[in-house]
Amino acid sequence: MILAGFSPRYINIKRGAILLGMLGLAVNPWQLTATASTFIGVISGFGIFIAPMTGIMLCDYLVIRRRRLVIPDLYIGDSSSIYWYWHGFHWRTILAFLLGFCPLFPGFIMNLMGNHTDSGWVKLFQITFLVGLSIGFVSFLVICLISPPPHYREGENFLVRPFTGSNIWGRTDR
């Protein structure tokens, strides 16, 4: 479905499913689940992608935008939205993601190759989520302090209703 969204003229859902099925057989997924250690290594490897993204999203929402959102603009996928950046790419997030991803990648490769030495890269990979989240958070914060994103002060704090102190479910915090 994602491929159909990127190129609907050439790939529909049926063609995308066939393409995905062929690619799934080509990558030999049964080799990834053949042993428990390989499976755990592959699954834990997703953390090198998820951790920097989580740090970036937390920093953007909690620190940069201070929990303020323009809800209708979240659903607009063109330049009329305040969340639209240069051709749809937010260069600050790409840079912060690369800064959070690159230090973890050598340990990921060493772990997949079975090189479980006392290398610093492998030890860094073992605490992937903490390191990736921290690097993504701090690097995005520094980048945004140097070059603030446009419209970052717009929006409303949608978690707390004004003047009532109640949250979105109508309950007051005690």
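**Student:** Before we go on, may I ask you to explain the overall build of the protein chain in this structure?
**Tutor:** Helix and strand content of the protein chain: 9 helices and 2 strands. Within the protein chain, the proportion of its 174 residues that are buried is 26%. Considering only contacts within the protein chain whose residues lie at least 6 apart along the sequence, 65% involve residues at least 24 apart. Of the accessible surface of the protein chain, which amounts to about 12,200 Å², a share of 70% is contributed by carbon and sulfur atoms.

**Student:** Would you explain helix H9 (residues 128-146) in this entry?
**Tutor:** Each α-helix turn comprises 3.6 residues. Residues three or four places apart therefore point the same way. Between the first and last C-alpha of H9 there are 27 Å, a value that for 19 residues agrees with the 27 Å anticipated at 1.5 Å per step. Every buried residue of H9 is listed here: Thr128, Val131, Gly132, Gly136, Ser139, Phe140, Ile143 and Cys144. Contact partners of the buried residues in H9: helix H5 (47-64), helix H6 (91-101) and helix H8 (120-126).

**Student:** For this particular structure, what's the right way to read the packing of H6 against H9?
**Tutor:** A pair of packed helices is characterised by two quantities: the angle between their axes and the separation of those axes. It is at 8 Å that the axes of H6 and H9 come closest, and there the two elements cross at 145 degrees. The handedness of the crossing between H6 and H9 is right-handed. Between H6 and H9, the contacting residues are Trp91, Arg92, Thr93, Leu95, Ala96, Leu99 and Gly100 on the first element and Gly132, Ile135, Gly136, Ser139, Phe140, Ile143 and Cys144 on the second. For the contact of H6 with H9, the class distribution of residues is 8 nonpolar, 5 polar and 1 charged.

**Student:** How should the packing of aromatic side chains be read in this particular structure?
**Tutor:** One pass over the structure, following the stated rule, counts 5 aromatic pairs. Note on Phe97 and Phe101: the rings are 5.6 Å apart at their centroids and 10 degrees apart in plane angle, and the pair reads as stacked. One end of the pair, Phe97, and the other, Phe101, are both in helix H6, 4 residues apart, so they sit about a helical turn from each other. By relative accessible area, which is 14% here, Phe101 ends up buried.

**Student:** I keep staring at the pattern of salt bridges and nothing clicks. Help me out?
**Tutor:** For side chains bearing opposite charge, pairing can occur when the charged atoms are close. Per the counting criterion, the structure on display carries 1 salt bridge. Across the pair Arg65 and Asp60 runs a salt bridge, and its minimum N-O distance is 3.3 Å.

**Student:** I would appreciate a short explanation of a positive patch on the surface in the present structure.
**Tutor:** The grouping of Arg66, Arg67, Arg68 and Arg153 at the surface amounts to a positive patch. By the secondary structure assignment, Arg153 is in the loop between H9 and strand S2 (156-157).

**Student:** I would appreciate a short explanation of the nonpolar core in the present structure.
**Tutor:** A general trend in soluble globular proteins is that nonpolar side chains are found buried together. Among the nonpolar cores identified, the biggest contains 7 residues, and these are Ile56, Cys59, Ile64, Ala96, Phe140, Ile143 and Cys144. Counting residues per element, the ones that place at least two in this core are H5 and H9. Excluding residues within four positions of it along the chain, Ala96 makes contact with Ile56, Gly136, Ser139, Phe140 and Ile143. Ile48, Phe101, Phe108 and Val131 belong to the second largest nonpolar core, which has 6 residues in total.

**Student:** Help me understand the packing of H5 against H9, please; the structure alone is not making it clear to me.
**Tutor:** Across the interface, H5 lies against H9 with an axial gap of 7 Å and an inter-helix angle of 40 degrees. Between H5 and H9, the angle is such that the two are oblique. Considering how the two elements wind past one another, H5 and H9 form a crossing that is right-handed. Class assignment of the residues belonging to the contact of H5 with H9 gives a composition of 15 nonpolar, 6 polar and 1 charged.

**Student:** Help me understand unusual backbone geometry in this model?
**Tutor:** Of note in this structure, Arg66 is not a glycine but carries a positive phi near 50 degrees. By the element assignment, Arg66 lies in the loop between H5 and strand S1 (68-69). Judged by its relative accessible area of 54%, Arg66 is exposed.

About the criteria used
Residues numbered from 1 in each chain as written. Predicted model: local features only at pLDDT ≥ 70, side-chain atom pairs only at ≥ 80, totals over all residues. Heavy atoms only, no water. Helix = DSSP H or I, 4+ residues; strand = E, 2+ residues; numbered from the N terminus. Buried < 20%, exposed > 50% of the residue type's maximum accessible area, 1.4 Å probe, protein only. Contact = heavy atoms within 4.5 Å. Areas by Shrake-Rupley, 256 points an atom, 1.4 Å probe, with all protein chains shown as cover. Expected span 1.5 Å × (residues − 1). Axes fitted to C-alpha atoms, helices over the stretch in contact; angles between N-to-C directions. Left-handed = near helix turned anticlockwise from the far one by under 90°. Nonpolar A, V, L, I, M, F, W, Y, C, P; charged D, E, K, R; others polar. Phe/Tyr/Trp six-rings, centres within 6.5 Å; stacked < 30°, edge-to-face > 60°. Salt bridge = Lys/Arg side-chain N within 4 Å of Asp/Glu carboxyl O. Patch = residues over 30% accessible without salt bridge, like charges linked within 9 Å, V, L, I, M, F, W, Y side chains within 5 Å. Lys, Arg positive; Asp, Glu negative; His and termini not counted. Charge placed at Lys NZ, Arg CZ, Asp CG, Glu CD. Core = buried A, V, L, I, M, F, W, Y, C linked by side-chain atoms within 4.5 Å. Parallel < 35°, antiparallel > 145°, perpendicular 65-115°, else oblique.

Shape descriptors only; they carry no functional weight alone.
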